[in-house]
Amino acid sequence: MEQNRNNEIDVRKIVRIESEKWWWFAIGVGVCMLLGIAYYLRKSPQWTTDASIVLRQKEGGLADQIGGGLSMLGLSGNTAAEDEVVVLSSRGLLTQSIDALNLWEATSVKDGLRWAGEFRNPALTVDYIQLEEYYDVHPFCIKVKPTRKGYKVSTKSGFFRRSSTRVTTLDEPIKTKVGTIRIHANRPLSSDTTYRVDHKRHELVVAGYQKLITIALHKKESNIITLTMKSPMPERDKALLHQIIEQYNLTQERLSERIGKTRA
């Protein structure tokens, strides 16, 4: 009986202590909610873009013979189409496509807590007059913020390598921590936002786009190849996928011309 009474007293004591510190629980819940809202506001919506290629093969060709042989063995496959997937996924074809659209640098505008990427008409273009040796190989970004007396130009590479300077105009050479640069404004800049240009070595740019693009057969034995991208910039993705297909077609045409000349 006495043990039950002690247990009852202990439970009441625990409840009283917890009720006296309810505000710690409220603060924890509030912090979690604020972090969730901040993450949502910073995260840009993702859009999926795709394009397709239909491969036309000559009947009785090598691909048909291989496919027929596999079918007789109870196997399946589409060697010709799989080869074309490899061609479409090649680094060289992607590099040509990026070069044709001039996607070597990513430009964006601050939109609330997010950075909204620009494609067709970027606000800024940067000329790198002379970069410091470190920044020839390491990525960095340049931010431009219009002020009442000119512009605030900031550079950042990693967490520790940062610099900031103020200039009255963007058309003259600017000495920054990354080197001497010249910034061109392609349109009037708004005073209530910040503009950003991300600079990387070409190899890193190509590798970044390779991670975004998926190229595969629509079905296992299909002659349809599907190219897919998922990012916050569907307009850019559509242009890039179409450019890859265009570069692929040009490559095929050049190859056909070479074969024709060799046979002639």
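For clarity, every value in this text was computed on a predicted model and none was experimentally measured. Counting of residues starts from 1 at the beginning of each chain's written sequence and follows it residue by residue. With pLDDT at 70 or above as the cut-off, local features in this predicted model cover only qualifying residues; side-chain atom pairs require 80 or more to be listed or tallied, and sums for whole chains, interfaces and linings still use all residues. Hydrogens and water are ignored here; the side-chain numbers use all heavy atoms of the structure.

Q: Account for the side chain of Thr107, with residues named and values stated.
A: Mapped onto the secondary structure, Thr107 falls in strand β2 (residues 106–111). When its relative accessible area of 10% is taken as the criterion, Thr107 is described as buried. In what follows, residue pairs with any heavy atoms lying within 4.5 Å of each other are defined as contacts. Thr107 has contacts with Ala116, Gly117, Glu118, Pro122, Leu124, Arg196 and Val197, leaving out every residue within four places of it along the chain. Secondary structure elements are defined from DSSP: runs of H or I of at least 4 residues count as helices, runs of E of at least 2 residues count as strands, and each element is numbered from the N terminus. The buried label applies to any residue whose accessible area, calculated with a 1.4 Å probe on protein chains only, is under 20% of its type's maximum; exposed applies above 50%, and partly exposed to all values in between.

Q: I'd like a description of the nonpolar core, backed by residues and values.
A: For the purposes of this section, nonpolar cores are sets of buried Ala, Val, Leu, Ile, Met, Phe, Trp, Tyr and Cys residues that join through side-chain atoms within 4.5 Å. Leu88, Leu94, Ile98, Tyr209, Ile213, Leu240 and Ile244 are the most contacted members of the largest nonpolar core, which totals 28 residues. Secondary structure elements with two or more residues in this core: β1 (47–54), α4 (79–88), α5 (91–101), α6 (202–212), β11 (213–217), β12 (224–231) and α7 (234–263). The contact partners of Leu94, leaving out residues within four places of it in the chain, are Val206, Tyr209, Gln210, Ile213, Leu240 and Ile244. Formed by 19 residues, the second largest nonpolar core is a distinct cluster that contains Ala123, Leu124, Tyr135 and Val167.

Q: I'd like to hear about the pattern of salt bridges, residue by residue, with values.
A: Salt-bridge detection follows one rule: a side-chain nitrogen of Lys or Arg within 4 Å of a carboxyl oxygen of Asp or Glu. For the structure shown, the criterion picks out five salt bridges. Between Arg201 and Glu203 there is a salt bridge, with its nearest N and O atoms 3.5 Å apart. The closest approach of N and O atoms between Asp237 and Arg236, which form a salt bridge, is 2.9 Å. Given a relative accessible area of 11%, Arg236 falls into the buried group.

Q: Could you give me a rundown of the packing of aromatic side chains, with the residues and numbers involved?
A: The criterion for an aromatic pair is that two Phe, Tyr or Trp rings (for Trp, the six-membered ring) have centres within 6.5 Å, with stacked assigned to planes under 30 degrees apart, edge-to-face to planes over 60 apart and tilted to the rest. For the structure shown, the criterion picks out four aromatic pairs. Aromatic pair Tyr128 and Phe140: ring centres 6.0 Å apart, planes at 80°, arrangement edge-to-face. Taken as a pair, Tyr128 in strand β4 (residues 124–131) and Phe140 in strand β5 (residues 140–147) lie far apart in primary sequence, 12 residues in all. On the basis of relative accessible area, Phe140 is assigned to the buried category, the value being 3%. Relative to Phe140, the ring of Tyr135 lies with its centre 5.7 Å away and its plane at 90°, an arrangement referred to as edge-to-face. One aromatic cluster in this structure is built from Tyr128, Tyr134, Tyr135 and Phe140. Over the aromatic face of Tyr134 sits the side chain of Arg161, whose NZ or CZ is 3.7 Å from the ring centroid. Criterion for a charge above a ring: Arg CZ or Lys NZ at most 6 Å from the ring centre, at most 35 degrees from the ring normal. Across the ring face of Trp115, the terminal group of Arg196 is positioned such that the distance to the ring centre comes to 5.5 Å.

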